[in-house]
Amino acid sequence: MLNLWNPSHLSLSVGLITAFILGMIHGITPDEHTWPITFSYSIGSYSSKKGMLSGLVFSTGFTLQRAIASELAFMALTGFLMSSSSENLVYIIVGIVMAISGYYILHKGRSFHLIPWLEKLLPQTDDSKPVPIRLAFLHGIIAGCGTGAFATIIYTVISPTMPSVWVGFVPGLLFGLGTLSMQVIIGALFGWWIQSRNISQSSKANIGQFVSGNTLQYGGLLFMLAGILGLIDPSISDWGVNTGIRVHNLDSINIGVILVVIIVAGIGGVSMWLALRKNKENPLGTHNG
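A quick note: this is a predicted structure, and the numbers were derived from the prediction, not measured. (Residues numbered from 1 in each chain as written. Predicted model: local features only at pLDDT ≥ 70, side-chain atom pairs only at ≥ 80, totals over all residues. Heavy atoms only, no water.)

The next thing to look at is the overall build of the protein chain. Tallying secondary structure elements over the protein chain gives 11 helices and two strands in all. When the helices and strands of the protein chain are listed from N to C terminus, the series reads α-α-α-α-α-α-α-α-α-α-β-β-α. Burial analysis of the protein chain (289 residues in total) assigns 48% to the buried set. Pairs at least 24 residues apart make up 81% of the contacts formed inside the protein chain by residues separated by at least 6 positions. (Helix = DSSP H or I, 4+ residues; strand = E, 2+ residues; numbered from the N terminus. Buried < 20%, exposed > 50% of the residue type's maximum accessible area, 1.4 Å probe, protein only. Contact = heavy atoms within 4.5 Å.)

And the structure:
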């Protein structure tokens, strides 16, 4: 029988199945390394199809990194990823990329003329186009460096059981694909929600850019703050209140869960409410979603 809570002594087939299912759980439960990014880019895309693409692009980067880390775990080289300081550094780097992305989106890319390579990567946009998702792939690679219960199981229990170095990456790959399958669905739902609003395409673009930009920019600042505080006081990273639910990501209320709630429900929710209210007061036209 599969023990998704605390798997041990797994056969090859059971270990691979476990890796994929754990990835699905990781993708569908509130996770600070996935939900804020998928929410931001999917809302910014304002369509179910492009919301799916946002989840796909982000999760592809995430899957690539997890496959590499799984290979390193087979060779017992992931010790540097398992420390709390490493997790806090990931928070800071993710936060920096989020904040830059949000600032870019809010200013339509017009503020990076002094950074030629960034201007080339992220050209200027206009109010009628969806938020570009090029940086979502980079977000995924960085977020994949995060640790936690899922990563611990993959790196210390499943990856070492692979028969050779040539397949050491497979558990991480399957975990990433499991996450990807759920993030594509979640991205589609976020995108569909704003697509279904009875407002004009230009209004959807403005709302998407406002919500996406705010969520990434201010969420990124919160990520950086959490990472810095965690480096200063490691007990912050270890803090948590047990919920009694034997499902990883739902088993405790910790800094990760708090970040998800504040960024997605708080910043994202308030930004959405403000944007919809502003559009209602000054509509740019209507469109049957």
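We are not done yet, so read on.
Where helix 1 (residues 12–28) contacts helix 8 (residues 170–195), the axes come no closer than 7 Å and their chain directions differ by 35°. Between helix 1 and helix 8 lies a crossing whose hand is right-handed. Where helix 1 approaches helix 8, its residues Leu16, Ala19, Phe20, Leu22, Gly23, Met24, His26, Gly27 and Ile28 are matched on the opposing element by Val170, Pro171, Leu174, Phe175, Leu177, Gly178, Thr179, Ser181, Met182, Gln183 and Ile186. Of the residues in the contact of helix 1 with helix 8, the class split is 13 nonpolar, seven polar and no charged. (Axes fitted to C-alpha atoms, helices over the stretch in contact; angles between N-to-C directions. Left-handed = near helix turned anticlockwise from the far one by under 90°. Nonpolar A, V, L, I, M, F, W, Y, C, P; charged D, E, K, R; others polar.)

Its volume calculated, the largest pocket comes out at about 630 Å³. Forming the walls of the largest pocket are 31 residues, and the residues nearest its centre are Glu87, Thr147, Gly148, Ala149 and Asn254. Of all the elements in the fold, those that place two or more residues in the lining of the largest pocket are helix 4 (84–106), helix 7 (149–158), helix 10 (235–238), strand 2 (252–254) and helix 11 (255–281). Along the lines of polarity and charge, the residues of the lining of the largest pocket split into nine nonpolar, 16 polar and six charged. Here the second largest pocket is characterised by a volume of approximately 270 Å³. Contributing to the lining of the second largest pocket are 10 residues, with Asn206, Ile207, Ala275, Lys278 and Asn279 lying nearest its centre. Elements that contribute at least two residues to the lining of the second largest pocket include exactly helix 9 (201–232) and helix 11. Grouping the constituent residues of the lining of the second largest pocket by class yields five nonpolar, four polar and one charged. (1 Å grid on protein atoms, 1.4 Å probe; cavity = no way out; pocket = protein on both sides within 12 Å on 5 of 7 lines; lining within 4 Å. Points joined across faces, edges and corners; volume = space filled by probe spheres on them.)

This paragraph deals with helix 6 (residues 134–143). In an α-helix there are 3.6 residues to a turn, and that puts residues three or four apart on one side. Among the residues making up helix 6, those that are buried are Leu135, Ala136, His139, Gly140, Ile142 and Ala143. Summarising the axial view, the buried residues of helix 6 lie within an arc of 165°, below the 170-degree limit, and thus occupy one face. (Arc of directions from axis to C-beta.)

Grouped together as the largest cluster of nonpolar side chains are 36 residues, with contacts concentrated most on Tyr41, Tyr155, Ile158 and Phe223. Broken down by element, this core gets its largest block of residues, seven residues, from helix 4. Apart from residues no more than four positions distant in its own chain, Ile158 is found in contact with Leu10, Gly15, Thr18, Ala19, Ile153 and Pro171. Residues Phe190, Ile194, Val211 and Val264 belong to the second largest nonpolar core, which totals 15 residues. (Core = buried A, V, L, I, M, F, W, Y, C linked by side-chain atoms within 4.5 Å.)

Averaged over all residues, the pLDDT of the protein chain is 85; the fraction at 70 or higher stands at 88%. Confidence over residues 285–289 falls short of pLDDT 50; this stretch has 17 contacts with residues more than four positions distant or in other chains. (pLDDT = per-residue confidence, 0-100.)

As a further point, take the packing of aromatic side chains. Counted by the stated rule, this structure contains six aromatic pairs. Between Phe62 and Phe175, the aromatic rings sit 6.2 Å apart at their centres with planes inclined by 40°, giving tilted as the arrangement. Note that Phe62 is positioned in helix 3 (residues 48–74) and Phe175 in helix 8, a separation of 113 residues in sequence. There is no split in this pair, since Phe62 and Phe175 are both buried. On the basis of an interplanar angle of 45° and a centroid distance of 5.9 Å, the ring pair of Phe150 and Phe175 is categorised as tilted. Here Phe150 is found in helix 7, whereas its partner Phe175 is found in helix 8, with 25 residues between them in sequence. By relative accessible area, which is 5% here, Phe150 ends up buried. (Phe/Tyr/Trp six-rings, centres within 6.5 Å; stacked < 30°, edge-to-face > 60°.)

With respect to the helices and strands, the residue Gln183 is situated in helix 8. Within polar-contact distance, the side chain of Gln183 engages the side chain of Thr38 at 2.3 Å. Gln183 has contacts with Gly27, Thr34, Trp35, Thr38, Gly55, Phe58 and Ser59, leaving out every residue within four places of it along the chain. (Polar contact = N/O pair within 3.5 Å; in protein donor to acceptor, adjacent residues only side chain to side chain.)

Okay, a nonpolar patch on the surface next. Together, Trp239, Val241, Ile253, Ile258 and Ile262 line one region of the surface with nonpolar side chains, adding up to about 410 Å² of accessible area. Mapped onto the fold, Ile258 is located in helix 11. Ile258 sits in the partly exposed class, given a relative accessible area of 30%. (Patch = residues over 30% accessible without salt bridge, like charges linked within 9 Å, V, L, I, M, F, W, Y side chains within 5 Å. Areas by Shrake-Rupley, 256 points an atom, 1.4 Å probe, with all protein chains shown as cover. Salt bridge = Lys/Arg side-chain N within 4 Å of Asp/Glu carboxyl O.)

Next up on the list: unusual backbone geometry. Although it is not a glycine, His9 adopts a positive phi angle of roughly 50°. In this structure, His9 sits in the segment before helix 1.

In this section: the environment of Ile207. Considering the arrangement of structural elements, one finds Ile207 in helix 9. Taking C-alpha positions, Ile207 is 8.7 Å from Tyr46, a pair spaced 161 residues apart along the chain.

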